[in-house]
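Here's the letter readout for the chains.
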Amino acid sequence: MPNKPMQQVMRGAWILTLSSLIAKILSAVYRVPFQNLVGDTGFYVYQQIYPIYGLGMTFALSGFPVFISKVVAEAKDPLAQQAITRQALVLLTWLSWVIFAGLELFAEPLAWSMADSNLTPLIQVVGFMFLTMPTLASARGYFQGTFDMVKTATSQVVEQFIRVAVILFAAWWSLQAHWSPYQMGAVAMSGAFLGGLGAILVLWRPYRRVFRQAAPASASPMSYWTFGRRFITEGGSIALFSAMLIVLQLVDSFTIKRGLVLAGALEPVAKSLKGIYDRGQPLVQLGLVVATALATTLLPTMTHALANRQRQVFARTAGELIHLSLGVSAAATAGLIILMPAINLLLFGDTAGTLSLQVYSLSILIVAMINAYNSVLQSLNNYRATTWALAFGLLVKIGLNTLFVVRYGTVGAAAITILSLGVILNLVYLAVPSEVKMQGALRIFGPKLFIATGGMVLAVWLVTAAVPMTGRIAAVGVSAIGVVTGVVVFVLLASWVKLFSVREVLSIPAGRRFLKWQQQRRKR
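What comes next concerns the included structure. Owing to the predicted nature of the structure, the values given are computational and were not obtained by experimental measurement.

This next bit is on the pattern of salt bridges. For the structure shown, the criterion picks out 8 salt bridges. Lys274 serves as the salt-bridge partner of Asp278, at 2.8 Å between the closest nitrogen and oxygen. Shared partners join several salt bridges into a network, and the residues in it are Asp40, Arg279 and Asp350.

Another point: the packing of aromatic side chains. For any pair of aromatic rings, geometry is given as the distance between the ring centres together with the angle between the planes. Inspection of the entire model under this criterion finds 21 aromatic pairs. Both rings, one in Trp388 and one in Phe392, keep their centres 6.2 Å apart while their planes meet at 35°; by these two values the pair is tilted. Of the two residues, Trp388 and Phe392 both sit in helix 16 (residues 384–408), 4 residues apart, roughly one turn of that helix. Seen from their ring centres, Phe404 and Tyr408 are 5.6 Å apart, and the 50° between their planes marks the pair as tilted. Within this pair, Phe404 and its partner Tyr408 are both found in helix 16, separated by 4 residues, close to a single helical turn. Classification of Phe404 by relative accessible area gives partly exposed; the value is 27%. An aromatic cluster is defined as three or more aromatic residues linked by ring pairs; in this entry it consists of Tyr30, Phe34, Phe43, Tyr46, Tyr50 and Tyr53. If you follow Lys151 out to its NZ or CZ, it ends over the ring of Phe143, 5.4 Å from the centre.

A few words on a positive patch on the surface. On the surface, Arg205, Arg208, Arg209 and Arg212 cluster together into a patch of positive charge. Since its relative accessible area comes to 65%, Arg205 is described here as exposed.

Let's shift gears to helix 15 (residues 363–379). Along its 17 residues, helix 15 runs 24 Å from first to last C-alpha, staying within 8% of the 24 Å computed at 1.5 Å per residue. Counted residue by residue, helix 15 has 15 buried out of 17 residues, so it is predominantly covered. Directly beyond the C-terminal end of helix 15, a positive phi value near 60° is found at Asn381.

What follows concerns unusual backbone geometry. Here the phi dihedral of Ala115 falls at roughly 65°; this positive angle occurs in a residue that is not glycine. Turning to its location among the elements, Ala115 is positioned in the loop between helix 4 (107–113) and helix 5 (120–127). Backbone geometry places His178, a non-glycine residue, at a positive phi of 60°. The topology assignment puts His178 in the loop between helix 7 (149–177) and helix 8 (181–210). Residue classification places His178 among the exposed positions, given a relative accessible area of 70%.

Judged by nonpolar contacts, the single largest core of 68 residues is most densely connected at Phe34, Ile49, Ile52 and Leu119. With 20 residues, the top contributor of residues to this core is helix 2 (residues 31–74). Apart from residues lying up to four places away in sequence, Ile49 is in contact with Met114, Leu119, Leu122, Ile123, Val126 and Met189. Ranked by size, the runner-up nonpolar core spans 59 residues in total, among them Leu283, Leu357, Ile370 and Val432.

With their axes 10 Å apart at the nearest point, helix 2 and helix 5 run at an angle of 30° to one another. Considering the relative orientation of helix 2 and helix 5, their crossing is right-handed. Between helix 2 and helix 5, the residues in contact are Val45, Ile49, Ile52 and Tyr53 and Leu122, Ile123 and Val126, respectively. Broken down by class, the residue content of the contact of helix 2 with helix 5 amounts to 7 nonpolar, no polar and no charged.

What follows is about the environment of Leu175. Structurally, the position occupied by Leu175 is in helix 7. By relative accessible area, which is 40% here, Leu175 ends up partly exposed. The spatial distance from the C-alpha of Leu175 to the C-alpha of Leu37 is 7.9 Å, given a sequence separation of 138 residues.

A cluster of nonpolar side chains, namely Leu37, Phe169, Trp172, Trp173 and Leu175, defines an oily patch on the protein surface of about 480 Å² accessible area. In terms of residues, the nonpolar patch owes the most to one element, helix 7, which gives 4 residues. A relative accessible area of 30% means that Leu37 is categorised as partly exposed.

Take helix 10 (residues 244–262) next. End to end, helix 10 covers 27 Å across 19 residues, agreeing with the expected 27 Å (1.5 Å per residue, within 8%). Taking the largest bend as the criterion, helix 10 deviates by roughly 35°, centred on Asp252. Summarising burial for helix 10: 15 of the 19 residues are buried, a large majority. One or two residues past the end of helix 10 sits Gly264, with phi positive at roughly 110°.

The interhelical angle for the contact between helix 10 and helix 16, taken along N-to-C directions, is 20°, at an axis separation of 8 Å. By the angle class used here, helix 10 and helix 16 are roughly parallel. Of the two elements, helix 10 crosses helix 16, and the hand of that crossing is right-handed. Residues Met244, Val247, Leu248, Val251, Asp252, Thr255, Ile256, Gly259, Leu260 and Leu262 of helix 10 pack against Leu390, Leu394, Lys397, Ile398, Asn401, Thr402, Val405 and Val406 of helix 16. In the contact of helix 10 with helix 16, the residues fall into 12 nonpolar, 4 polar and 2 charged.

A word on the side chain of Thr58. Its location among the elements puts Thr58 in helix 2. Accessibility expressed as a relative area gives 5% for Thr58, which makes it buried. Aside from chain neighbours lying at most four places away, what touches Thr58 is Gly63, Ala239, Ser242, Ala243 and Ile246.

Within the secondary structure, Thr85 is located in helix 3 (residues 78–105). Once residues within four sequence positions are removed from consideration, Thr85 is found in contact with Val72, Ser138, Tyr142, Tyr207 and Phe211.

This part covers the environment of Val166. With respect to the helices and strands, Val166 occurs in helix 7. Of the residues examined, Val166 reaches a relative accessible area of 17% and is grouped as buried. In the structure, Val166 is positioned 26 residues away from Ala192 in sequence and 8.7 Å away in space, judged by C-alpha atoms. Residues within four places of Val166 in sequence aside, it is in contact with Val187, Ala188, Ser190, Gly191 and Leu194.

Cut-offs applied
Residues numbered from 1 in each chain as written. Predicted model: local features only at pLDDT ≥ 70, side-chain atom pairs only at ≥ 80, totals over all residues. Heavy atoms only, no water. Salt bridge = Lys/Arg side-chain N within 4 Å of Asp/Glu carboxyl O. Phe/Tyr/Trp six-rings, centres within 6.5 Å; stacked < 30°, edge-to-face > 60°. Helix = DSSP H or I, 4+ residues; strand = E, 2+ residues; numbered from the N terminus. Buried < 20%, exposed > 50% of the residue type's maximum accessible area, 1.4 Å probe, protein only. Lys NZ or Arg CZ within 6 Å of the ring centre and 35° of its normal. Patch = residues over 30% accessible without salt bridge, like charges linked within 9 Å, V, L, I, M, F, W, Y side chains within 5 Å. Areas by Shrake-Rupley, 256 points an atom, 1.4 Å probe, with all protein chains shown as cover. Lys, Arg positive; Asp, Glu negative; His and termini not counted. Charge placed at Lys NZ, Arg CZ, Asp CG, Glu CD. Expected span 1.5 Å × (residues − 1). Core = buried A, V, L, I, M, F, W, Y, C linked by side-chain atoms within 4.5 Å. Contact = heavy atoms within 4.5 Å. Axes fitted to C-alpha atoms, helices over the stretch in contact; angles between N-to-C directions. Left-handed = near helix turned anticlockwise from the far one by under 90°. Nonpolar A, V, L, I, M, F, W, Y, C, P; charged D, E, K, R; others polar. Bend = angle between axes of the 7 residues up to and from the residue. Parallel < 35°, antiparallel > 145°, perpendicular 65-115°, else oblique.

These values are about where atoms sit, not about what they do.
Structure, rendered in structure tokens:
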């Protein structure tokens, strides 16, 4: 990729990836001190409503902006790009007001459907964040489409910082003022709206500078009807697929607590058990950070190869993405499962719900592979397959979740999440072109990955099994020793079996330095 435009795309992708990583890490890490402050019941209250916020955040952060940026980049001149952005702003405004009105008017029935009428004010508070979505999504989409990633990246980080600060302040102040978990949750949820306002302030001046004069409607290459159809099919598919795990968590909000009560659990116990189950979400989110970054950074390369009709380059890059996603996510999943008792005790103060968290951790591997194959399909402009896959997976989750919660508790909910994701993965895999599937290469890669991951798990188990976990201090030691041992053993075994090619290692951050160190070591 020697040409300047592609270098600009790659630089922009790296900037956006870095900001997304910071935002995702912030979004995951704050939940640990938050849970420690408010306890499992307070965490339950927050997590019941979080999926609604998560949908809005995804729509404004990585769903609709990606679609808008794609359409803006297709436009031939600045006037057309402005006209398209205005069309997106109008459609998003209608959509956001419909969602806002629905949440305000139907908050009580929604809370009742979650088997907890006290959640009504929280739903109404979180509804306000959707009013920030039109400006945020259209501005981010425009700047990404014109390869100005810095403004989008800055707005993402500012939004998350403000939201996290409000949430942690609400948790701390609730202890001082002796608020109920529901009062605390309502104030914490206001962080979503305040964070959105902060992001708008970051984007407002450059956005207003560009759109000070209205572009004529005739400047748009598409009518509202054509654009609206693409907005629903392509934009809707990208947005919903970006929010895949959040949509499944939303089903959990409506079914787990109700299912636990149906199984005979008392109301306070059911709330506490749901809060314990929700501990898995930040852990999975962190586990997915690296795999998601790989998908984001390699997508421009695949799109560029297709645009220049370089099918072999496209297939090779897609293969690198699949290998790296599978290898990194498998190691992260296995490591998290084997260390879960220690991590659970270290982060949350006890080992309750360890089995359900271990089962839920399998979603790291499956979601990473779904995202990798989805990146391939996105670069091919195939949105229909991913939409149908998500729909079928969601039907499985809705149809079986309550039944399995009643029978097996939160372990059943985790198992159905894994089953739903497995259905999505299989359907997405079937839609991927045959040259990308690389079944022969994966047959060679699979045994190598098994050796590297299996050896890592065995080494971590041997090193940590003899250490008694008598409290959080002991858990710190077990977790630290386990992580260091796991990383070192996995890297050594992966190098020994040549799990990744030289090109794949170079795609990993610090991969070039690792190869130089390896060469110097061999010369000695």
